[in-house]
Amino acid sequence: MTKKEKTILFADDDWHLVEALIAKAEGKGYRVLTATNATDAVRYCAKEPVLCAIVDIMMDPGPDFPDVAPHQGGLAAIETIRKSFPKLPVICHSVISDRSLIARLRANEILFIRKGETTLQAAWTLIEAKITGVQSFG
Amino acid sequence: MTDSVPARIKILEAQLAQVKKERDEYLQNVSHQLTAPIGAIKMNIEALFDPDVSLKRKMVLTHSIRSQGNILVHLIKNFSLMSRIDAGKSIEETEEKPIMFDVYQLCTDYCKDFQPVGKPREVAILANESPSFRRGRPIFNGVKSLIAQVVYNLIENATKYATPHSRVTVDGVPAPKGFDVRITNSGIAVAATEVETIFERGYRGQFATAKHPAGTGLGLWIARHLMRMHGGDVTAAATGNTTVLSIHFPKERLS
């Protein structure tokens, strides 16, 4: 696989909160793309060979989602990516604690990683497992 | 009379339930605010020990740890200041005594500290190099850590609500009653009816709440109180999407 084909997308408007994960992914030879709103995240999925999308919930929707509330951009991005690119693994990486929302994400085969409570090693193991398909954490 | 007692008890129970609900929401909010920077620090430290992470990246992460640490310190300070303000303490009653310090230097230091926070959305935070601010270099007699918290809270507020690819500028101008430091940003609108209410404890503007549901509503309230303890003030003015937060340093405490 070429480096371009080993692409991971991080969609988070506070990417300094995922810097460690980005550094780890790059260290492992992945090419990292970052998006700070839902619109850019979905557009990247459409035009780049993204192997996995790690998406925060609370971020701007951007211009392609004019009817989405300002803090719900991540959910809109996740929904659109699942619908438009069903084979693309999606991981939700957020601080939210809404159990019913987390259950809905899991029911839609979206892995949920809790920001602030997951170690770097654990988070990376889960991301790599989603990419390689070795284990199912859905 | 006997009929009204059960009715009054019901009203009080409903009020108590409401207060408990607001307290729980507030505590969740606080927990959310603290979780993100603490989580980032933990992960970044883990990355420093990770052989897969390049040295160049590790250098960047150490800066990020420092920046997140500063954010945490100020966040926690806001919560502790809240109780101090509630107790009604004056400057003379604070443990830290007033000293003379350089307001311009304080502002430029915070502008640097906030650059990593603004970077993801390409928001530049700049101290304006205007002659009146730089050469004038107002020296203020105050409790430095409290004024630092004022400057921090206002720059944080401006950065948080700034539009991506915009600027937050920190400027200083002489004023009739002393010296004003102005923090200007373009971003989430403050409604004209809210320029005073945004300083109320726990209050968050309607547009701000939609954009950032997890805010504490304390920063501006604390900033104003701390400046008023020094005989100054903090005010807001909004035109369209541009907001100017002004810190008024009173001339009685300026040299």
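All of these numbers come straight from a predicted model, not from anything done at the bench.

### Examining the sheet that holds strand β1 (residues 7–11) of chain A
Working definition: the strands of a sheet are paired by backbone hydrogen bonds and lie parallel or antiparallel to each other.
Residue and element names in this part refer to chain A.
Inference 1: Strands sit in the order β2-β1-β3-β4-β5 across an open sheet of 5 strands; the sheet is parallel. Of all strands in the sheet, those with a lone pairing partner are β2 (31–35) and β5 (111–114), marking the two edges. In this sheet, neighbouring strand axes are inclined to one another by 20° on average, regardless of whether the strands run parallel or antiparallel.
Inference 2: Alignment of strand β3 (residues 50–55) against strand β4 (residues 90–94), held across 3 bridges, turns out to be parallel. Counted as the bridge partner of Ala 53 is Val 90 from β4.
Inference 3: Along the sheet, helix α2 (residues 38–47) contacts β1, β2 and β3; its crossing angle with β2, the most-contacted strand, is approximately 145°.

### Overview of the nonpolar core
Inference 1: Counting 53 residues, the largest nonpolar core has Leu 154, Ile 155, Val 170, Val 181, Ile 183, Ile 247 and Phe 249 of chain B as its most contacted members.
Inference 2: The leading source of residues in this core is helix α5 (residues 144–160) of chain B, at 9 residues.
Inference 3: What Ile 155 of chain B contacts, discounting residues up to four positions off in sequence, is Cys 107, Tyr 110, Cys 111, Phe 114, Ile 125, Val 170 and Ile 183 of chain B.
Inference 4: Counting residues in each nonpolar core, the second largest holds 28 residues, with Leu 9, Val 50, Leu 88 and Ile 96 of chain A among its members.

### Considerations on the interface of chain B and chain A
Inference 1: With 27 residues of chain B at the interface, the matching set in chain A holds 26 residues.
Inference 2: Taken over both partners, the interface formed by chain B and chain A buries close to 2,400 Å², and the fraction arising from carbon and sulfur atoms is 59%.
Inference 3: Notably, a salt bridge pairs Asp 52 of chain B with Lys 28 of chain A, separated by 3.5 Å at the nearest N-O pair.
Inference 4: In this assembly, chain B and chain A are joined by 8 residue pairs in polar contact (both at pLDDT 80 or more).
Inference 5: Secondary-structure elements contributing two or more residues to the side of chain B that touches chain A are α1 (4–48), α2 (55–86), α3 (103–118) and α6 (206–211) of chain B.

### Considerations on the sheet that holds strand β6 (residues 233–239) of chain B
Residue and element names in this part refer to chain B.
Inference 1: Strand order in this open sheet of 5 strands is β2-β4-β5-β7-β6, and the pairing throughout is mixed. At either margin of the open sheet sits one strand with a lone partner, and together these are β2 (124–127) and β6. Between one strand and the next, the sheet's axes are offset by a mean angle of 20°, whatever the strand orientation.
Inference 2: As defined by bridge partners, β6 adjoins strand β7 (residues 242–250) across 7 bridges and the pair is classed as antiparallel. In the sheet register, Ala 236 faces β7, and the bridge partner there is Leu 245.
Inference 3: Contacting β6 and β7, helix α7 (residues 219–229) crosses the sheet at an angle of about 135° to β6.

Rules and cut-offs
Residues numbered from 1 in each chain as written. Chains lettered and ligands numbered in written order. Predicted model: local features only at pLDDT ≥ 70, side-chain atom pairs only at ≥ 80, totals over all residues. Heavy atoms only, no water. Pairing = 2+ DSSP bridges. Helix = DSSP H or I, 4+ residues; strand = E, 2+ residues; numbered from the N terminus. Axes fitted to C-alpha atoms, helices over the stretch in contact; angles between N-to-C directions. Contact = heavy atoms within 4.5 Å. Core = buried A, V, L, I, M, F, W, Y, C linked by side-chain atoms within 4.5 Å. Buried < 20%, exposed > 50% of the residue type's maximum accessible area, 1.4 Å probe, protein only. Buried area = accessible area lost by both parts, 1.4 Å probe. Salt bridge = Lys/Arg side-chain N within 4 Å of Asp/Glu carboxyl O. Polar contact = N/O pair within 3.5 Å; in protein donor to acceptor, adjacent residues only side chain to side chain.

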